[in-house]
Amino acid sequence: MLKRILTIFITRNREYFRDREAFWWNFIFPFLIIAGFSVMFQRGPEPEYKFGVVPSQAPSAFGQEAVRSVRESGLVRIVEFADRREALEKLRRHKLDLVLEPTGPPVLYWINRSSPKGGVAESLLVKSVCDPAETARLADGQAVEGRRIQYLDWLFPGIIAMNMMFSALYGVGYVIVRYRKIGVLKRLKATPLTPFEFLAAQVLSRMYLLLITNGIVYAVCMWIFDFRCEGSYWDLLAVFCLGGAANIALGLILAAWTESEEFANGLLNLIAWPMMFLSEVWFSLEGSPEWVRVLARLLPLSHVTEGMRRIMNDGAGLGDLTFEISVLSAMTVVFMALGSYLFRWMKS
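Residues numbered from 1 in each chain as written. Predicted model: local features only at pLDDT ≥ 70, side-chain atom pairs only at ≥ 80, totals over all residues. Heavy atoms only, no water.

1. Quick notes on the overall build of the protein
Inference 1: Within the protein, the secondary structure is distributed over 14 helices and four strands.
Inference 2: Expressed as a percentage of the 348 residues in the protein, the buried residues total 46%.
Inference 3: A sequence separation of at least 24 residues applies to 79% of the contacts in the protein between residues at least 6 apart.
Inference 4: With an accessible surface of roughly 18,700 Å², the protein has 63% of that area assigned to carbon and sulfur atoms. (Helix = DSSP H or I, 4+ residues; strand = E, 2+ residues; numbered from the N terminus. Buried < 20%, exposed > 50% of the residue type's maximum accessible area, 1.4 Å probe, protein only. Contact = heavy atoms within 4.5 Å. Areas by Shrake-Rupley, 256 points an atom, 1.4 Å probe, with all protein chains shown as cover.)

2. Quick notes on the packing of aromatic side chains
For any pair of aromatic rings, geometry is given as the distance between the ring centres together with the angle between the planes.
Inference 1: Inspection of every chain in the model, using the stated rule, returns six aromatic pairs.
Inference 2: Members of the aromatic cluster, connected to one another through ring pairs, are Phe156, Tyr218, Phe227 and Tyr233.
Inference 3: We note Lys117 situated over the ring of Tyr49; from NZ or CZ to the ring centre the distance is 5.0 Å.
Inference 4: Lying across the ring of Trp154, Arg309 places its NZ or CZ 3.6 Å from the centre. (Phe/Tyr/Trp six-rings, centres within 6.5 Å; stacked < 30°, edge-to-face > 60°. Lys NZ or Arg CZ within 6 Å of the ring centre and 35° of its normal.)

3. Considerations on the pairing of strand 1 (residues 49-53)
Within a regular strand, the side chains alternate between the two sheet faces.
Inference 1: With four of five residues buried, strand 1 lies mostly within the body of the structure.
Inference 2: In this fold, the crossover linking strand 1 to strand 2 (residues 76-80) by way of helix 3 (residues 61-72) has right-handed handedness. (Right-handed = clockwise from strand over helix to strand, strands pointing away.)

4. Side note on the environment of Phe62
Inference 1: Within the element layout of this structure, Phe62 appears in helix 3.
Inference 2: Given the relative accessible area of 32%, Phe62 is considered partly exposed.
Inference 3: Here Phe62 is in contact with Thr103, Gly104, Pro105, Val107 and Val129, once residues within four sequence places are set aside.

5. Observations regarding the pattern of salt bridges
Inference 1: Summed over the entire model, instances satisfying the criterion amount to 12 salt bridges.
Inference 2: Between Asp83 and Arg85 there is a salt bridge, and its shortest N-O distance comes to 3.7 Å.
Inference 3: Overall, Arg85 belongs to the exposed group, its relative accessible area being 66%.
Inference 4: A salt bridge links Asp97 to Lys117, with the shortest nitrogen-to-oxygen separation between them at 4.0 Å. Of this pair, Asp97 sits in the loop between helix 4 (84-92) and strand 3 (98-101) while Lys117 is found in the loop between strand 4 (108-110) and helix 5 (118-129), placing the two residues 20 residues apart along the sequence.
Inference 5: According to the relative accessible area criterion, Asp97 is buried, its value standing at 7%.
Inference 6: Each member of the salt-bridge network shares a partner with another, and the members are Glu65, Arg68 and Glu72. (Salt bridge = Lys/Arg side-chain N within 4 Å of Asp/Glu carboxyl O.)

6. Remarks on unusual backbone geometry
Inference 1: Positive phi values are uncommon outside glycine, yet His94 reaches one of about 65 degrees.
Inference 2: Structurally, His94 can be placed in the loop between helix 4 and strand 3.
Inference 3: Phi is positive for Glu280, which is not a glycine, with a value near 60 degrees.
Inference 4: Along the chain, the position of Glu280 falls in the loop between helix 11 (261-278) and helix 12 (290-296).

7. Some points on the pairing of strand 2
Inference 1: As defined by bridge partners, strand 1 adjoins strand 2 across five bridges and the pair is classed as parallel. Across the sheet, residue Gly52 finds its bridge partner in strand 2, namely Val79. (Pairing = 2+ DSSP bridges.)

8. As for a nonpolar patch on the surface
Inference 1: Judged by side-chain polarity, Ile216, Val220, Trp223 and Ile224 come together as a nonpolar surface patch covering roughly 420 Å² of accessible area.
Inference 2: One can find Trp223 in helix 9 (residues 195-225). (Patch = residues over 30% accessible without salt bridge, like charges linked within 9 Å, V, L, I, M, F, W, Y side chains within 5 Å.)

Following this line, the structure appears as structure tokens:
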């Protein structure tokens, strides 16, 4: 049995490495995403709000001090305009969060009430122009220490997990459907190879390729973009392998019986794209409707993304990820059992 599994394992690996386009795309695609976001979101403190400053007929030292104060907060980017109408038009279109004219006191400013960031921008300005002693009398602020996590640091584990998901689903599901369509599975049925041995070889082959391709992508991105892993690399590898196994097993279910490549591609897209957007790869689901978060917890990519992110950014260990590990393990077993049960050498 092991010899037959090894034969299929080696054959599938050779087929993959001969497909140069697919091989290199698995490296280029995630790297381009990381590189693109690194340009859009520069590392280091990045201002969250944009204030437009317009010229005043009666500028004052108080107003100039207010502009300097909000600039030095590190949260505001000052954009100067020669014309007030242009600045207000950009404010209406949500391209600015606040428009300020350095007069006063009082300082003259405008905000867009329909902008979610307008109220926060107004609070920043008010804090800058108010007496610090009076503010301290009305509110007592406390601080906690923590490492600043940039969006790119938060995004990176999700990109690795997403690349793993696409490679697992399409690399197993689509390939098996193609084998069935061109008659490869029909020929294998005539050999002593059992469905379990064939599927086991496919899972092992894809896991081996996932580790190679994503390992290289991870190492190159860590070297170029100086990402950090606060936790153990062994823990990170364990969570990655569990997530890979769950997604590979899910791909087996989708490829269990159909021989239509178009239908299989539609099924894979139906699973992969919602999973990518609901698994917090790009953005957090905090504050979203409860049913959306419940649906997200049913997807394997959510748990592998959460696990990898907590290990890399928070230094969590496997003991802290009991829920994610349990869910991924259960999904792998259930998906593998269901995929093996549904598998057909030829479409019935």
